[in-house]
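# Fold and geometry: a report
Spelled out, the chains give:
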Amino acid sequence: MLASSAVLRRQQFLIRTLGGYSDQTHLKRMQQTKAMSGTALEADAENILRAITPNLDSSKHKGQAGKIAVIGGCREYTGAPYFAAISALKIGADLSHVFCTKDAASVIKSYSPELIVHPILEESYSVRDEDKPSISGKVLAEVDKWMERFDCLVVGPGLGRDPFLLDCVREILKHARQSNVPIVIDGDGLFLVTDSLGLVSGYPLAVLTPNINEYKRLVEKVLNCKVDDHDAHEQLLSLAKGIGSVTILRKGKSDLISDGETVKSVSIYGSPRRCGGQGDILSGSVAVFLSWARQHLSAAEGDLPISKINPTILGCIAGSALMRKAASLAFQNKKRSTLTSDIIECLGQSLEDICPAI
Ligand SMILES: NC(=O)C1=CN([C@@H]2O[C@H](COP(=O)(O)OP(=O)(O)OC[C@H]3O[C@@H](n4cnc5c(N)ncnc54)[C@H](OP(=O)(O)O)[C@@H]3O)[C@@H](O)[C@H]2O)[C@@H](O)CC1
Ligand SMILES: Nc1ncnc2c1ncn2[C@@H]1O[C@H](COP(=O)(O)OP(=O)(O)OP(=O)(O)O)[C@@H](O)[C@H]1O
Ligand SMILES: [Mg+2]
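An account of the accompanying structure is given in this report. (Residues numbered from 1 in each chain as written. Chains lettered and ligands numbered in written order. Predicted model: local features only at pLDDT ≥ 70, side-chain atom pairs only at ≥ 80, totals over all residues. Heavy atoms only, no water.)

### Here's the deal with the pattern of salt bridges
Rules: The working definition used for a salt bridge is a side-chain nitrogen of Lys or Arg within 4 Å of a carboxyl oxygen of Asp or Glu. Strands here are runs of E lasting at least two residues and helices are runs of H or I lasting at least four, both read from the DSSP assignment and numbered beginning at the N terminus.
Evaluated as defined, the whole model comprises 17 salt bridges. Salt-bridge contacts for R324 lead to D255; the nearest nitrogen and oxygen are separated by 3.5 Å. With R324 in helix α12 (residues 311–334) and D255 in strand β9 (residues 255–258), this residue pair connects regions lying 69 residues apart in the sequence. Here the salt bridges do not stand alone but share partners, grouping E46, R50 and K325 into one network.

### A short note on helix α8 (residues 187–195)
Quick reminder of the rule: Remark: exposure states derive from per-residue accessible area (1.4 Å probe, protein chains only) relative to the maximum for the residue type, with buried under 20%, exposed over 50%, and partly exposed in between. A contact between two residues is defined here by any heavy atoms of the two lying within 4.5 Å.
α8 sits mainly inside the fold: seven of its nine residues count as buried. For α8, the elements touching its buried residues are β5 (152–155), α7 (163–178), β6 (183–185), β7 (206–208) and α9 (212–222).

### Quick word on the site of ligand 2
The cut-off we apply is this: In this text, near means that some heavy atom of the residue lies within 4 Å of the molecule or strand in question. Any N or O atom pair separated by 3.5 Å or less is treated as a polar contact, with the protein-specific requirement of one donor-capable and one acceptor-capable atom, and with residues adjacent in sequence counted only for side-chain atom pairs. Surface accessibility follows the Shrake-Rupley procedure with a 1.4 Å probe radius. Residue values consider only the protein chains on display as shielding. Polar here means any residue outside two lists: the nonpolar Ala, Val, Leu, Ile, Met, Phe, Trp, Tyr, Cys and Pro, and the charged Asp, Glu, Lys and Arg; Gly therefore counts as polar.
Residues in close proximity to ligand 2 total 15 residues, the closest being K251, D255, G277, G279 and R324. A distance of 2.7 Å separates an oxygen atom of ligand 2 from a polar side-chain atom of D255. Here an oxygen atom of ligand 2 sits 3.1 Å away from a polar atom, N or O, in the main chain of D280. In isolation ligand 2 has 620 Å² of accessible area, and contact with the protein removes 78% of it. Residue assignment for the shell around ligand 2 shows that the elements contributing at least two residues are α11 (278–299) and α12. A total of four residues in the shell around ligand 2 trace back to one element, the largest contributor, which is α11. The class makeup of the residues in the shell around ligand 2 is two nonpolar, seven polar and six charged.

### As for the sheet that holds β6
Inclusion rule: By the convention used here, strands pair only if DSSP detects at least 2 bridges between them. Here an axis means a line fitted to C-alpha atoms, over the contact stretch when the element is a helix, while the angle between two N-to-C directions is reported on a 0 to 180 degree scale.
The sheet built from 10 strands is open, its strands ordered β1-β10-β9-β8-β7-β6-β5-β2-β3-β4 with mixed pairing. The open sheet has two edge strands, β1 (41–42) and β4 (116–121), and neither has a second partner. In the sheet, β7 pairs with strand β8 (residues 247–250) via two bridges, with the strands oriented parallel. Following the sheet pairing, V207 is matched in β8 by T247. Taken strand by strand, helix α4 (residues 79–91) contacts β2 (67–71) and β3 (95–101), and its axis lies near 170 degrees from that of β3. Lying on the sheet, α11 is in contact with β2, β5, β6, β7 and β8; it crosses β5 at an angle near 160 degrees.

### What to know about the packing of helix α3 (residues 45–52) against α12
Test applied: By the definition adopted for this analysis, an angle is roughly parallel if under 35 degrees, roughly antiparallel if over 145, roughly perpendicular if from 65 to 115, and oblique otherwise. Left-handed describes a crossing whose near helix is turned anticlockwise from the far helix through less than a right angle; right-handed describes the clockwise counterpart.
The contact between α3 and α12 brings their axes to 9 Å, and the two run at 110 degrees. Overall, the two elements α3 and α12 adopt an arrangement that is roughly perpendicular. Crossing handedness for the pair α3 and α12: left-handed. Residue-level contacts link A45, E46, I48, L49 and I52 of α3 to L314, I317, A318, A321, L322 and K325 of α12. When grouped by side-chain class, the residues that make up the contact of α3 with α12 number nine nonpolar, no polar and two charged.

### Side note on the site of ligand 1
As a structural note, the neighbourhood of ligand 1 is formed by 15 residues, with G158, D188, N213, R217 and D280 the closest of them. One of the backbone N or O atoms of A80 is found 3.1 Å from an oxygen atom in ligand 1. Between an oxygen atom of ligand 1 and a side-chain N or O atom of D188, the distance comes to 2.4 Å. Relative to its free-state accessible area of 870 Å², ligand 1 is covered by the protein chains to the extent of 57%. When residues in the shell around ligand 1 are grouped by element, the largest group, three residues, is from α4. Here the shell around ligand 1 is composed, by residue class, of five nonpolar, six polar and four charged.

### Examining the state of the cysteines
What counts, and what does not: Here, two cysteine sulfur atoms that lie within 2.5 Å of each other are counted as a disulfide.
Tallied over the full model, the rule gives zero disulfides. Among the cysteines around C168, which has no disulfide bond, C74 carries the closest sulfur, lying 14 Å off.

### Brief notes about unusual backbone geometry
The phi dihedral of N224 falls on the positive side, at around 60 degrees, and the residue is not glycine. Mapping N224 onto the fold places it in the loop between α9 and α10 (232–243). Positioned with a positive phi, S245 is a non-glycine residue whose angle comes to about 70 degrees. Positionally, S245 belongs in the loop between α10 and β8.

Below you can see the structure in the form of C-alpha cells.
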C-alpha cells in the first residue's frame, strides 16, 4: 500500500513536471514557453533523476539495471568510447560493451577490465576492396548476436570517419532501429547521421547529442540557415521537427533538449573547464537514464498519463543534470587540473547526493 502510494506520488510529480502529449497540455506548454520570451523551461532535473533511478533491490538479477553498448573506438581515439562506457557502469548499468576496431580493442581493455570489448570494426586501410562485402557482413552478424539484449546503443564516441567503417555503422544503425533499440548518437555518429538523416528520421528512440560544431552542421543541413542564438529554443524545436520524431540535446552553457514538441533546459552549474571527453560522459549517462526512464514508464500501471511522457526527454534531462553536477564537484576538488577522468570519479558521489542508494 505504502509502496504503491509512493509510486503514485512519483508518477503524479512527473506528470506535473513534464505533462503528457495531449494536445491541451502541449498547447498550454507552448503558450507558457512563448510567454517566457525565448527562454526554454528549466526542467526540475533533480526530481526527475530521482524519480527514474531504480531502487537497489536484492531480488534483481544482473542486467536489469541496464546493458549498454558503445559503438566507437578506432586508431586515433580510444579515450572517447572508454569514457562513455565506463560512465554508464559508474552510474549503475550492469554491463557495458564496446564495439571498436581491432587496433583500439586491446588499448580499451587495458584501461578497464570491467568493459566487454569486441574488436570487430575494420578501417579501409586494413581491408582489400574485394573483401569489403564479406567483412561488412561479419561485422553486422557479430553485432546482431547481441543487439536485442541491449537497452541502449551509444553510437559515435571516437568512431572516426573512415568511409568503410561508417558504412558498417550505417547498417548497424538500421538493425538497431529494426530491433527497436534506443540509440544515442554522438561525435562521429553525428557526422554520419547528418549526411544520412534517413537513418534516424521518424525514429522516436533516437537521441542526438550535438556539441557546438555538430549542432551547426545539423542546422545548416536540415534548416538551411545559420545557428540563431537569439531564438535558440524555437530553432531547436524546428530542427527536431525537421528531422522527424528524434530528440536533440544541444550541449552548451545550458543544455537544451527538444523532441519537436517541447523544449527543456538544464542549467545546473557545471564546470568552467572544457577539457575533451565531457560529451562522452554525457552520452553514456543519457543511455543509462533513458533505459531507466523507459523501464520506469513501462512499469507504470494501466493507462496513467505518465506512460505518455517521452522517456528520451527524461533520459536527457537526468543525464545532463548528473554530468553537470559531477563536473562541478570535480572542479571544486581539482580546479584548473580537472580532467574527464576526475569527473567520472565524481559521478557516484553526485548521484548519491541526489538519490541516496539506501
Ligand atoms: N580522448 C578522446 O579519445 C576523445 C575523442 N573525442 C572524439 O573525437 C572525435 C571528434 O570529436 P570533436 O569533438 O573533436 O569534434 P568537433 O568538435 O566536431 O571537431 C572539431 C574540429 O575537428 C574537425 N574534425 C573532427 N573530427 C575529424 C575527423 N575525424 N576528420 C577530420 N576532421 C575532423 C572538425 O571539422 P568539421 O567536422 O567541422 O569539418 C572540427 O573542425 C569524435 O569521435 C569524438 O568522440 C572527443 O570525444 C574528445 C575526447
Ligand atoms: N559553457 C559551458 N558551461 C557549462 N557546461 C558546459 C558548457 N559547454 C558544455 N558544457 C557541458 O559539458 C558537457 C560536454 O559538452 P561539450 O560541448 O564539451 O561536448 P563535446 O564537445 O561533444 O565533448 P567531447 O570532448 O567529449 O567530444 C555537456 O554536458 C555540457 O552540459
Ligand atoms: Mg563530442
